[in-house]
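# Structural description and commentary
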Amino acid sequence: MDFPCTKCGACCRNVHLAEQTRTLDRGDGCCMHYDDTSKLCRIYDSRPAICRVDVQFTLHYQSQMSWQQFCELNVAACSQLAQWEQQK
Ligand code: SF4
């Protein structure tokens, strides 16, 4: 099962919120690799490991939970971030 990313772009537009992604900030909180027009990553195939849900699961979480559980937690986080973004 692939991670059910909706390509909303909320995570890419708010890299300033996490210490692990802050170095990608182009100065306005958005990632320097984010394409504002297409709303997609311009370096998707070579994006950093921190942007790869499957890699993060393997490196840090697979001993603690199933892939299904990890996806559900991340989908919930995505939803909260998108809602926060709409309210600011
Ligand atoms: S590198 Fe790509 S996937 Fe990662 S935050 Fe930037 S735009 Fe998003």
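Everything in this summary refers to the structure shown in the same document.

Rules used in this analysis
Residues numbered from 1 in each chain as written. Predicted model: local features only at pLDDT ≥ 70, side-chain atom pairs only at ≥ 80, totals over all residues. Heavy atoms only, no water. Helix = DSSP H or I, 4+ residues; strand = E, 2+ residues; numbered from the N terminus. Buried < 20%, exposed > 50% of the residue type's maximum accessible area, 1.4 Å probe, protein only. Contact = heavy atoms within 4.5 Å. 1 Å grid on protein atoms, 1.4 Å probe; cavity = no way out; pocket = protein on both sides within 12 Å on 5 of 7 lines; lining within 4 Å. Points joined across faces, edges and corners; volume = space filled by probe spheres on them. Nonpolar A, V, L, I, M, F, W, Y, C, P; charged D, E, K, R; others polar.

In this structure, Thr 21 sits in the segment before strand 1 (34-35). The exposure class assigned to Thr 21 is buried, which follows from its relative accessible area of 13%. Apart from the residues within four sequence positions on either side, Thr 21 is in contact with Val 15 and Ile 50.

Now for the layout of surface pockets. Within this model, the largest pocket holds a volume of roughly 1500 Å³. If you trace the largest pocket, you find 44 residues lining it, with Phe 3, Cys 11, Ile 50, Cys 51 and Val 53 closest to the centre. Broken down by secondary-structure element, the contributors of at least two residues to the lining of the largest pocket are strand 2 (40-41), helix 1 (53-61) and helix 2 (67-87). The biggest single contributor to the lining of the largest pocket is helix 2, with 10 residues. Of the residues assigned to the lining of the largest pocket, the class counts are 29 nonpolar, 10 polar and five charged.

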